[in-house]
Amino acid sequence: MMTRLLNFKFLAFRFLPSLFPAVHRPSLTNHRRDLLVGKRSDVNVKSTMCSLALFPSPLGDGQVTLYESNNELVTGSSLDSYHKQEWDHQSLIFPRDALKSHSHLESSSKAAFLDHRDTLWMRSAGAWRDSGLNGLLEEIVNSGNGEVPRWLTVGASFSLALLRWVSSFHGSLFPHLTLSTEDMVAEFSQALNWSDCSVRSFAWHPHTDKFAVALLDDSIRIYNSKSDTAPTLKHRLQRSVAALQWKPLCATALAVACHNCLLVWHVDPTSLSTRPSSGCAQVLSHPGHSPVTSIAWAPSGSVLISASPVDTSMMVWDVAAESCVPLQRVGGGGVTFLSWSPDGSRVLAATPSSLFRVWETRMWTCERWPCLKGRCQTGCWSPDGSRLLFSVQGEMVIYALTFTDAPGDPGGWSGGSKAATIVADLSETSFQTSQGEIRIGGEVQSLAWDPRGERLAVLLKGDPETPDRPAVIAVFKTRSSPIFELLPCGFVQGETGAEPRMIQFHPHFSHGALLTVCWSNGRISHVPFYFVSAGGPRLGTGRSPPLPIARSMENGERALYSELGS
Amino acid sequence: MSLPGQNHWFIRNVIWWRAAASIAWSVLLLPVTTALFVLFSKVSLLHPIQWISESVSLLYGSYVIFSLLMLTGVLLVVGFFNLQYYTVVASIPCTKIALLGKVLHPQQFVHSLVHCTLGMIVAWCASVMIGGRYNYLAYPCSEDESGAIHQMCLNEHHLFFLLAGAFIGYSYSLLGVVRNMNYISFHTVQQYKYLRFKGALPLVVKYSAVESLYLLRNFCILYFFLGYVPRAWICTTMNLHKDSSVNALDTVTGLLDLSLLYHLWISGAFLLATWYTTMLLFKIYISEMYSFPVQSAFSEEASECLPTVISSKTPLILKFLALQDLSLLSQHSPSRRQEVFSLSQPGGHPHNWSAICKESLSLIHDLTQRLVAYHEAVSSNGRAKSQSSDKEHKSTTSESSAASGLEELAKTPWRLAGAQDPFSPWYGSVQSPHVTRRAPKLWSSSTVTESPLSVTPLASPAIAPTPAPPAQTPGFLSLWLQSRQEQVKNFLAKRVLIMYLFSKLPEASSQALFADSQAHIWALEGLSHLIAASYTEDRFGVVQTTFSSILSSMLTLQEAVDKHFKLPHASSKPGRSSFSMEDTTYKTLRFALRAALKTAIYRITSTFGQHIHAVQMTTEHRKRLQQFMEYKEAARSSLINECFSIGNPGSEASSGERHRARPVTDKPFVRSHILRMDSTVRGQHSWDMRGTVKAPSRHTMERSSTAVKEVPMAGPQLTRRPSKPPLDRTQERGVISLKGLLAAQRFSKGLQERVALKRAAQKGLRAPTLKPVILVKEKIPAGSAQPSEHFPCAHVNLLLQRFLSSRLEGAIYDASCSNQLVQKLSEDLKRLVRAVCPPRYKLVCMLTLGQAESEGAILASRCLWDPHSDTFTSYSYKSPHVFCTAVVFAVYCE
């Protein structure tokens, strides 16, 4: 009974991937494909697949997507050109030049200066601080003659060689471990081109109209629609912020995934202080658990989970007690991305290898889902937690997984479908615009599903090398009955020269969905999608009723709302 | 400690089986551990094959088999003691003397004695298994060179082993009680037992190895000094002789026997590992969730159903497991929730719900009562003390604090600063009507504000709504008695030992108050989830009848908890150690309770939304609830955390540094910045501030508990003596108090906020700006220059942008004329910037122009300057053909 091994699925199928070669371009005729090497599913539901070719053509330069109304995206010449929206959050801009990053190590600038000899001890201390044991050994090996005894130099060079050999061996198993921590965060962050973003992370508060923005200079600002004060959070340990999330069912707590720890800020919403002291932050750290690239609060607000690509275990934090329970699964070599389903029953955990796991949160057991092509880059859950959309690196498609049985029953298995289905094809498609041909498509950087389950925003990576393949946001309409399908809605475009970097939906926009986009020029803009929910106000499956839509927005003007009688 | 002697069905049917299973597993694991032990004890790296074969052959030997039997017996006894002594509510001693009492308790004495003996048995087994020179207690030896007379000599190694085993066994028991090892905590995360065990096993091994090392050190020291006593005793009782040819072990040379120490360490680690594994398995088994039926069709099983079980008092473990089950079912299991909301078949009463709700409410109510009582005790302390003679006040600060520590153990340390004497001239002067109007509740909530700094006696304890009767002048005899009493107390207080024993451990009383809060947390979680679920699932409206009482009791508790967290020590966190077997969850239960309570209220308000206004409630509660509805509920205690962090010299000087883009340090420092251009990618450049991230990051990991310790040290600079009269000598004793600091901090924070409010009001109806209000000027060291007008970095940056892009638009790199171009540009730039530059700034303009090919370039610069007045700005322009970077340094010159 104790040895209830969970990965029998893994045992059965781990050798099979080689039998089913990966198909790079899914052919359009074959709409279903087994992502997973499980049973070839014999589901006869005909699922339709959406592709980019069905999308309306993108607009030329100088046109900015303003909002969606009457099922059409409305554009204008500039972001300020319309005042009709009921959502009056001004778009913010954080110019790249105004922020000075602190994140570069001294070592990177060392070569630019004249050689300056410190004493060996100072250099060693510096090397130890900058790059750990490796740096220290290197410093000793490279030290001039006479500074250190010979045996120390020889010993250091031997141990350095040994270390390198071991790490190269380890690195050949898990290539991501050879990256520097900065690069690792950039690689696994949900933001596109993270290291060059002036806005590094963004998070809406789940219940009120406020959001937190992590900036390039490692500070976090909190903007509230109801007050003018925008507190700035700074902490000595708050470096290279990879993710932010507000605690659900709480007014104050904001979790920050930092370079080598987790910070939980308690920001008093009534305080007028613009600079909360570092005493307001709880520091949660665990040896070996850095850099933290992803965090997720339980929707019930009880626990926080954090993941690091270096650590094979993900941590379940009891924040109040500052204690953690590591959940270790060695396969995959780390955890890069976490996403908690809105009903709180499952957690998606992606690894740097071509494998991801879906945990059920009652007994914390997991299912392994090996992918064929690459690692799982991102994923998002439907509002009722029954469907998971995800994308895999190296493939230009969106997959869907459904989970049918309720995991609440004792002994319940977080089961569901045996294989993932492709729901959207995002391969390159060329459009003719006034500026000439534009090719759109590529791998997915991040996915966002609005809390009503009606719109799906997809951030496509594009290709930085070629100017005619920019990163874009494609928005789909989603429908779950009678069958789940994605319908094209359009592309969201920003100002000229601005690339989207991050997307997130407002958690309780009353008139539809509100997409917040962070652009490469440092602008944060909000794109509302006005629509009436198809199924009316939808209630969850009963496990935890969804949070009611915000009351505070009721007094907005109703003009647009009534137009949408279609 | 629960006694299994109670013939409760749950103990009989569940707990015993669980205990038996855990002991069985630990016995099953024993051969593996023993094999490992044998392997390690025989280790010889030079002859690996011989080593392995020897160990394997030994494993089949009769010694090992016999030892295994012995060890099994030992484990059974250890397991039995685990079962006897476990507890789900940690007992927290509030003073050193209470801890001493706990250690010397007869029950604990039995525990220690038995474990001492068991340790000796394990050590004997270990010595037999290792064999060699440790095997027997006595061996034949010859007195003289001829070897003619044979007699028995004492094998001191064997004795050393046995004593070490006894010592480790005793330490296990002692440390167990000091560290509350018998406390069973329940995890927030449910996992299967196997996975939990697997996760915790490395920790057990590591912990026992390290612990064994420490115990070995202690034992060696002990033996070095006192080792001759048992040796002589054994020699005389068993008529053994001492072998003079062998070094005695209580000498330095005798103890420096590395192989002996290694074997001893291995044996100690083996002993601790087996025992801790047994304990770990026991805890895992006991704390496993148990699913109680919500209702049963058979009446004889009714006593085993959740509603009955949850209200039972007797086996505490049963109540805890029932509450855990309640919280889990409310979260995860719709079908069982349905049973909770169901009505009884004949009669249609919601028995299930009302039983569960009643019990949860009574738990919440209990805690509220306890908190209020504690708060009252704390606040009435000042009054109680004021009855005592004023002689005490003439003594020095330390004496009086110790004396009062003696006087009432339940007192809390901050009472001193606020304690007033009714007989002092102070007393009359402060009885302004404004103060006396205050209700006791308000009074207690303002304890923190009070300080030697704020002279207005907002919260003098002497002023209660029912003023203490100072008119009852005590008789001469009683006065005399009182003074004698005080003298005795003062006398005792001067004795260091007594002070040490009776002084309160910080935050222990707060921990003790919340020791069983796990039950309350589950009750809150269960109730809130059930209520949230009732929004959609409760078909009969069962919950509605109790809704308002649940909400109001939660809000009352919230108020009490809020108030409690305003007390000092209540919000200081214990230091966290990631590597320890010790379960410290009981120390942080109050934080968990606070978080769970808030989340519970939020869950209810966010589920019901506006409907909640229909619930009947008092206005005060409605006001409180409104805060929750608007998500405006503030973390009150973060204030105190803030204070601590400021008091802590190690932490970030947060008040000094305000909203500045550039770093603030005390000395001029070397700063460099790098402008890195990479033509292959888009123009990315990034800044590096040298010296800003210098400090080792570990420092900020310090918890506020360390900060608390440091506050008194930092006190003298921070406390000012109030200048205003009336101040007699009695006032002087409380000068350096934590409370004073807190109050000062709070006052200053209040000031900040008020100023900010004023500023906001002044701004009036202007459009919301995103510019933050700068409240506190940064601290500038005395030697630094203070320019009247700072260099306008942002403006100059804008100028740079325009200048470069206008001048270099469409420019094509040409090596021949770029020299002149750069010179011209820099001259122009300097002139341009000079126009906007405030006086006394020297400017350095540096331009770098280059051809944009696919190479990268690093531009870096370093300056030695004053970071408070000097600054720089830079911009780099890029076109397909050229790149140009302009840096303008502005150096203030006095």
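Each residue is numbered by its place in its chain's sequence as written, counting from 1. Chains and ligands are labelled sequentially in the order written, the chains with letters from A and the ligands with numbers from 1. pLDDT decides what is reported in this predicted model: residues at 70 or higher carry local features, side-chain atom pairs at 80 or more are listed and counted, and totals for whole chains, interfaces and linings draw on all residues regardless. Side-chain measures here rest on the full set of heavy atoms in the structure, leaving out hydrogens and waters.

Draft legend 1. Representation of the overall build of chain B. When its secondary structure is counted, chain B shows 33 helices and 7 strands. Burial classes follow relative accessibility: with a 1.4 Å probe on protein chains only, a residue under 20% of its type's maximum area counts as buried, one over 50% as exposed, and anything between as partly exposed. Buried positions account for 50% of the 894 residues belonging to chain B. Counted over contacts in chain B with a minimum sequence separation of 6, partners at least 24 positions apart contribute 79%. Total accessible area on chain B stands at roughly 42,100 Å², and carbon and sulfur atoms take up 63% of it. Secondary structure is summarised from DSSP: a helix means a run of H or I of at least four residues, a strand means a run of E of at least two, and numbering begins at the N terminus for each. Contacts: residue pairs with any heavy atoms within 4.5 Å of one another. Throughout, the Shrake-Rupley method with a 1.4 Å probe supplies accessible areas, and for residues the shown protein chains are the sole cover considered.

Draft legend 2. A look at the overall build of chain A. A count of helices and strands for chain A gives 6 helices and 33 strands. Out of the 566 residues in chain A, the part that is buried amounts to 58%. Residue pairs in contact within chain A that sit at least 24 positions apart in sequence constitute 54% of those at least 6 positions apart. When the accessible area of chain A is evaluated, it comes to approximately 22,100 Å², of which 56% is carbon and sulfur surface.

Draft legend 3. Representation of the sheet that holds strand β23 (residues 397-402) of chain A. Residues and elements named next belong to chain A. Any two strands with at least two DSSP bridges between them are considered paired. Read from one edge to the other, the open sheet built from 5 strands follows the order β1-β24-β23-β22-β21, with strand pairing classed as mixed. Because the sheet does not close on itself, it has two edges, and the strands there are β1 (50-51) and β21 (376-381). Where strand β22 (residues 387-392) and β23 come together, 4 bridges link them in antiparallel fashion. Paired with L388 across the two strands is L401, which belongs to β23.

Draft legend 4. The state of the cysteines, seen in detail. Residues and elements named next belong to chain B. Disulfides are defined in this document as cysteine sulfur pairs within 2.5 Å. For the structure shown, the criterion picks out 0 disulfides over all chains. No disulfide involves C220; its sulfur sits 17 Å from the nearest other cysteine sulfur, which is in C116. Since its relative accessible area comes to 14%, C220 is described here as buried. C817 carries a free sulfur, and the closest cysteine sulfur to it, the one in C884, is 13 Å from it.

Draft legend 5. Quick look at the pairing of β23 of chain A. Residues and elements named next belong to chain A. The buried count for β23 comes to 5 of 6 residues, which makes it a mostly enclosed element. Between β22 and β23, which pair antiparallel and follow one another directly, the connecting turn spans 4 residues, one of which, G394, has a positive phi of 95 degrees. Bridge count for β23 against strand β24 (residues 421-425) is 4 bridges, and the pairing is antiparallel. Across the sheet, I398 pairs through a bridge with A424, a residue of β24.

Draft legend 6. Expanded view of the UniProt feature "transmembrane region" (unreviewed entry) in chain B. Residue and element names in this part refer to chain B. UniProt positions are given in the numbering used here, feature names are shortened, and annotations may be inferred rather than shown by experiment. Those residues carrying the UniProt feature "transmembrane region" (unreviewed entry) are residues 20-40, 60-88, 109-130, 159-178, 221-240 and 260-282 in this numbering. Taken end to end, residues 159-178 is 100% helix and 0% strand, and its two terminal C-alpha atoms sit 28 Å from one another. Secondary structure within residues 260-282 divides into 100% helix and 0% strand; the distance between the first and last C-alpha atoms comes to 33 Å.

Draft legend 7. Layout of the pattern of salt bridges. All names here are of chain B. When a carboxyl oxygen of Asp or Glu lies within 4 Å of a side-chain nitrogen of Lys or Arg, that pair is called a salt bridge. Throughout the structure, instances matching the rule amount to 21 salt bridges over all chains. A salt bridge links R231 to E156, with the shortest nitrogen-to-oxygen separation between them at 2.8 Å. One end of the pair, R231, is in helix α8 (residues 228-238); the other, E156, is in helix α6 (residues 156-178), and 75 residues separate them in sequence. The shortest N-O distance in the salt bridge between R337 and E537 comes to 2.9 Å. Of this pair, R337 sits in helix α13 (residues 334-341) while E537 sits in helix α24 (residues 517-537), and the two are 200 residues apart along the sequence.

Draft legend 8. The packing of aromatic side chains, seen in detail. All names here are of chain A. Only Phe, Tyr and Trp rings take part, Trp by its six-membered ring, and two of them pair if their centres are within 6.5 Å. Stacked means planes under 30 degrees apart, edge-to-face means over 60, and tilted covers everything else. Applying the stated criterion across every chain yields a total of 51 aromatic pairs over all chains. Ring geometry for F509 against Y530: centres 6.1 Å apart, planes inclined by 45 degrees, an arrangement best described as tilted. You can see F509 sitting in the loop between β31 (500-505) and β32 (512-519) and its partner Y530 sitting in strand β33 (residues 523-530), a full 21 residues away along the chain. With relative accessibility at 2%, the residue F509 sits in the buried group.

Draft legend 9. Region of interest: the packing of helix α25 (residues 544-564) of chain B against helix α27 (residues 619-629) of chain B. Residue and element names in this part refer to chain B. Axis definition: a line fit to C-alpha positions, over the contact stretch in the case of helices; interaxial angles, taken between N-to-C directions, run 0 to 180 degrees. With their axes 10 Å apart at the nearest point, α25 and α27 run at an angle of 80 degrees to one another. The angle between α25 and α27 places the two elements in the roughly perpendicular class. Residues L551, S552, L555, T556, Q558, E559 and D562 of α25 form the contact with α27, whose participating residues are E620, H621, R624, L625 and F628. Following the grouping adopted for this structure description, the nonpolar residues are Ala, Val, Leu, Ile, Met, Phe, Trp, Tyr, Cys and Pro, the charged ones are Asp, Glu, Lys and Arg, and the polar ones are all others, Gly among them. Looking at the contact of α25 with α27 residue by residue, the class counts come to 4 nonpolar, 4 polar and 4 charged. If an angle is under 35 degrees, it is roughly parallel; if it is over 145, roughly antiparallel; if it lies from 65 to 115, roughly perpendicular; otherwise it is oblique.

Draft legend 10. A look at helix α33 (residues 818-836) of chain B. Residues and elements named next belong to chain B. The end-to-end C-alpha distance of α33, which contains 19 residues, comes to 27 Å, matching closely the 27 Å that a straight helix rising 1.5 Å per residue would cover. S818, V822, L825, S826, D828, L829 and V833 are the residues of α33 that are buried. Looking at the buried positions of α33, the neighbouring elements they touch are α32 (793-808), β4 (841-851) and β7 (882-892). An expected span of 1.5 Å times one less than the residue number is assigned to each helix.

Draft legend 11. A look at the nonpolar core. Residue and element names in this part refer to chain B. Take the buried Ala, Val, Leu, Ile, Met, Phe, Trp, Tyr and Cys residues and link them wherever side-chain atoms come within 4.5 Å; each set so joined is a nonpolar core. Core analysis: the biggest nonpolar cluster contains 88 residues, and F292, W353, F547 and I612 have the highest contact counts within it. Apart from the residues lying within four places of it in its own chain, the contact partners of I612 are F547, L551, I604, T605, M617, L625 and M629. Counting 53 residues, the second-largest nonpolar core is a separate cluster that includes Y134, I234, L240 and I266.

Draft legend 12. The arrangement of unusual backbone geometry in detail. Residues and elements named next belong to chain A. A cis geometry characterises the amide bond from S290 onward to P291, with omega recorded as -5 degrees. Phi is positive for D218, close to 65 degrees, though the residue is something other than glycine. Mapped onto the elements of the fold, D218 is located in the loop between β6 (210-215) and β7 (220-224). Residue classification places D218 among the buried positions, given a relative accessible area of 6%.

Draft legend 13. Local environment of the confidence of the model for chain A. All names here are of chain A. When pLDDT is averaged across chain A, the result is 76; 77% of the residues are at 70 or more. Values of pLDDT, ranging from 0 to 100, describe the predictor's confidence in every residue of the model. pLDDT under 50 marks residues 103-107. Its contacts with residues more than four places away, or in other chains, come to 10 contacts. Low confidence marks residues 536-566, where pLDDT is under 50. Its contacts with residues over four positions away, or in another chain, come to 58 contacts.

Draft legend 14. Structural detail: the confidence of the model for chain B. Residue and element names in this part refer to chain B. On average, residues of chain B score 74 in pLDDT, and 70% of them reach the 70 mark or higher. A low-confidence stretch, residues 1-5 (pLDDT under 50), is modelled with 12 contacts involving residues beyond four sequence positions or located in other chains. For this predicted complex, the interface score ipTM comes out at 0.80, alongside a pTM of 0.71.

Draft legend 15. Representation of a nonpolar patch on the surface. Residues and elements named next belong to chain B. Taken together, the side chains of I221, L222, F224, F225, L226, Y228, V229, V252 and L256 define a hydrophobic patch exposed on the protein surface, amounting to about 880 Å² of accessible area. For the nonpolar patch, the secondary structure elements donating two or more residues are α7 (193-226) and α8. At 5 residues, α7 tops the list of elements feeding residues into the nonpolar patch. Tracing the chain through its elements places I221 in helix α7. Residues enter patches when their relative accessible area tops 30% and they take part in no salt bridge; the joining distance is 9 Å for like charges and 5 Å for the nonpolar side chains Val, Leu, Ile, Met, Phe, Trp and Tyr.

Draft legend 16. A look at the side chain of T361 of chain A. Mapping T361 of chain A onto the fold places it in the loop between β19 (355-360) and β20 (365-370). Among all residues touching T361 of chain A, those that are not within four sequence positions of it are W340, G344, S345, R346 and V347 of chain A together with H332 of chain B.

Draft legend 17. Representation of the sheet that holds strand β12 (residues 281-284) of chain A within the structure. Residue and element names in this part refer to chain A. In space, the 4 strands of this open sheet follow the order β9-β10-β11-β12, with antiparallel pairing throughout. Because the sheet does not close on itself, it has two edges, and the strands there are β9 (243-246) and β12. Taking the axes of each pair of neighbouring strands and ignoring which way they run, one obtains an average angle of 20 degrees across the sheet. Direction of pairing for β9 relative to strand β10 (residues 253-257): antiparallel, over a ladder of 4 bridges. By the bridge assignment for β10, W246 is matched with L254.

Draft legend 18. The arrangement of the side chain of Q445 of chain A in detail. All names here are of chain A. By the secondary structure assignment, Q445 is in strand β27 (residues 444-449). Residue Q445 is classed as buried on the basis of its relative accessible area, which comes to 4%. Distance and chemistry together define a polar contact, namely a pair of N or O atoms within 3.5 Å, with one atom able to donate a hydrogen and the other to accept it when in protein, and with adjacent residues in sequence counting only for side-chain atoms on both sides. Reaching out from Q445, the side chain makes a polar contact with the backbone oxygen of Q190 at a distance of 3.4 Å. Among residues more than four places away in sequence, those in contact with Q445 are S189, Q190, A191, L192, Q377, T378, L459 and K461.

Draft legend 19. Spatial organisation of the packing of α6 of chain B against α7 of chain B. All names here are of chain B. Close contact between α6 and α7 brings their axes to 10 Å; oriented N to C, the two are set at 120 degrees. In terms of orientation, α6 lies oblique with respect to α7. Seen along the crossing, α6 lies across α7 with a hand that is right-handed. Across the interface between the two elements, E156, L159, F160, L163, A164, F167, I168, S171 and L175 of α6 pack against E211, L215, N218, F219, C220, L222 and Y223 of α7. By residue class, the composition of the contact of α6 with α7 is 12 nonpolar, 2 polar and 2 charged. By the definition used in this description, the sense in which the near helix is turned from the far one sets the handedness, with an anticlockwise turn below a right angle giving left-handed and a clockwise turn giving right-handed.

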